[in-house]
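Secondary and tertiary structure notes
As a plain string of letters, each chain reads:
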Amino acid sequence: MGTNSFLKVLPEMVTFVRVAELGSFSAAADLLGMTPSAASRQVKRLEKEIGVQLLQRTTRQLRLTEPDAEAFARCRELVLAAQGAMEIGQQFAAGPSGLVRISAPKAFARRVLHAHVLEFLRRYPDVDVQLIVADRDVDPIREGVDLVVRLTTKPPEGLVARRLMPVAHILCASPRYLAAHGPIEHPRDLAAHSCLSLGEHERDNHWRFGREEGDKKKDEEAEVIVRGRYVSNHSEVRLEGALADLGVAVVPAFVAQQALDAGSLVRVLPGWEYRGNYRGHAYILYPPNRFMAPKCRALVDHLVSALSASSAGRAQPPAGS
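These lines cover the structure that appears in this document, whether it is placed above or below. Keep in mind it's a predicted model, so treat the numbers as computed, not measured.

As for the sheet that holds strand β3 (residues 98-104)
In spatial order, the strands read β4-β3-β5-β14-β6; together these 5 strands make up an open sheet with mixed pairing. With partners counted over all chains shown, the strands left at the sheet margins are β4 (127-133) and β6 (160-166), one partner each. In this sheet, adjacent strand axes meet at a mean angle of 25° when their direction is disregarded. As defined by bridge partners, β3 adjoins β4 across 7 bridges and the pair is classed as parallel. When the sheet's bridge partners are listed, alanine 104 is paired in β4 with valine 133. The sheet contacts of helix α6 (residues 106-123) involve β3, β4, β5 (147-152), β6 and β14 (281-286), and relative to β4 the element is tilted by about 175°.

Right, dumping it as structure tokens:
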């Protein structure tokens, strides 16, 4: 390919990037406003110019070959640079503008993110936000989402991860339940109570705890096998079970906070740290991009600042997810 030969295949590079991101000629064609056959022809022209097959096509999926992965990375950087160039004027004009698509788990979106998105919309009148609520791991590249919030101990490789806040699991129950079934002063007391657990894994009813004991700060640990009448892998369902006096629920602190503030639930074993399998932080994730759109950067910076400040201002329970 000659020095300036790449100029004639720039549109083909854009099409190739979208096909690779979405894993489908049809999806890429819809996004680009062309037919799937036209998208396929453009990728074939790019393959001819480069001299290698870029996509392994099967009846069910498209697979990146080794040279395809290298070409995709280079072409995508070129496309992102072009997008960044188109948005330069935006940076020096009225400020960030356009649509930002962000996904987050249901409970976190409703109980934490929503209020801060409303404040962001008030602050940036030219930016629109689409909040996608999904209790699954959304792939920002393949699904065309700008930003993804994920609760995890280890952010995935290949994405930029900005930490938002620690997420702790706590135990809580209704005052009526505790009045009817007696106090809980040590984790071993839970064996005699109805407990609302996750039920996703075999040992989710094995609740582990720890606390610092005495002047020497020696760590005391405890584990108890719990049972209960209601098991659910959704935190808001367990919360509602606790509000219905069904027992002691383990839920993320941000899910329980409103009920705790209202007095409809109370903390159980506040001196103990729940040490289940679900530990971590809330992270905001996005693909690496030196030319990040101002609208996305503004929302990321807003959420990082707001949530780090709110978690620092409110005493958090020990970290867990």
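Topic: helix α8 (residues 235-243)
Along α8, the positions that sit buried rather than exposed are Ser235, Glu236, Arg238, Leu239, Gly241 and Ala242. Where α8 terminates, the next one or two residues include aspartate 245, which has phi positive at roughly 65°.

Focus on helix α3 (residues 36-50)
The terminal C-alpha atoms of α3, which comprises 15 residues, lie 21 Å apart, in line with the 21 Å expected from a rise of 1.5 Å per residue. Those residues of α3 not exposed but buried are Ala38, Ala39, Ser40, Gln42, Val43, Leu46 and Glu47. The positive-phi residue at the C-terminal boundary of α3 is glycine 51, with phi of around 95°.

Calculation criteria
Residues numbered from 1 in each chain as written. Predicted model: local features only at pLDDT ≥ 70, side-chain atom pairs only at ≥ 80, totals over all residues. Heavy atoms only, no water. Pairing = 2+ DSSP bridges. Helix = DSSP H or I, 4+ residues; strand = E, 2+ residues; numbered from the N terminus. Axes fitted to C-alpha atoms, helices over the stretch in contact; angles between N-to-C directions. Contact = heavy atoms within 4.5 Å. Buried < 20%, exposed > 50% of the residue type's maximum accessible area, 1.4 Å probe, protein only. Expected span 1.5 Å × (residues − 1).

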